[in-house]
Amino acid sequence: MTERIETLITKEEIEKRIDALAEQIMKDYAGEEIYMVCVLKGGIFFMVDLARKINGPVLFDFMVVSSYGSGTESSGHIMIKKDLDGNIEGKNVLIVEDIIDSGNTLNQLRSFLLTRNPASFKICTILDKPSRRTVDVPVDYVGFEIPDEFVVGYGLDYDQRYRNLDYIGVVRFDD
């Protein structure tokens, strides 16, 4: 079986939407320091591009949280493979995600991090699949709502491939 990638969201559409998200985030935080937490690996492209557009103090930290193996479906269980390096108590935390699917992973991560007493806690994702949601998770900033398709590119992968695409595409499998 071979796979091919069909463009869903172009590089230009991504750039334009990130500009709008950055404007909204700067307005909401009004110059306050933002502690951006990237959920690796998929969120790295988005976080870097978003952070570059924010005028104001931004700190970076990273977590590795997994609910996928080498397949295309979430396992429903998360593993924290890398925790934060810094203390988030009293900080304005902005989680930066690549995609929200069922909401299970993010809900568990949110609960875990809220026990550390941040001053504020918001979630930003480049992609949202609301049709797949099984857990209600409050998402403050959404780049694009997408249909129930398996997508790659712009940080998202299929078995560790296609992360480097500068657009978001749908994986199609040919026999």
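Residues numbered from 1 in each chain as written. Predicted model: local features only at pLDDT ≥ 70, side-chain atom pairs only at ≥ 80, totals over all residues. Heavy atoms only, no water.

Caption draft 1: Spatial organisation of the environment of Gly169. Tracing the chain through its elements places Gly169 in strand β9 (residues 168–174). Since its relative accessible area comes to 0%, Gly169 is described here as buried. Along the backbone, Gly169 and Lys129 are 40 residues apart, and their C-alpha atoms lie at a distance of 14 Å. If sequence neighbours within four positions are ignored, Gly169 has contacts with Ile5, Glu6, Thr7, Leu8, Phe150, Val151 and Val152. (Helix = DSSP H or I, 4+ residues; strand = E, 2+ residues; numbered from the N terminus. Buried < 20%, exposed > 50% of the residue type's maximum accessible area, 1.4 Å probe, protein only. Contact = heavy atoms within 4.5 Å.)

Caption draft 2: Representation of the sheet that holds strand β1 (residues 2–9) within the structure. Spatial strand order, β1-β9-β8: three strands in an open sheet with antiparallel pairing. Since the sheet does not close on itself, it has two edges, and those belong to β1 and β8 (151–152), each with one partner. Across two bridges, β8 lies against β9 in antiparallel orientation. Within β9, the position partnered with Val152 by the bridge is Gly169. (Pairing = 2+ DSSP bridges.)

Caption draft 3: Structural detail: the nonpolar core. Grouped together as the largest cluster of nonpolar side chains are 30 residues, with contacts concentrated most on Ile25, Met36, Phe46, Leu50, Leu94 and Leu127. With seven residues, the single largest contributor to this core is helix α1 (residues 11–29). Beyond its immediate stretch of four places on either side in the chain, Ile25 contacts Ile34, Leu50, Ile54, Leu94, Cys124 and Tyr141. Of all hydrophobic cores here, the second largest spans 17 residues; its members include Ile88, Ile100, Leu106 and Leu113. (Core = buried A, V, L, I, M, F, W, Y, C linked by side-chain atoms within 4.5 Å.)

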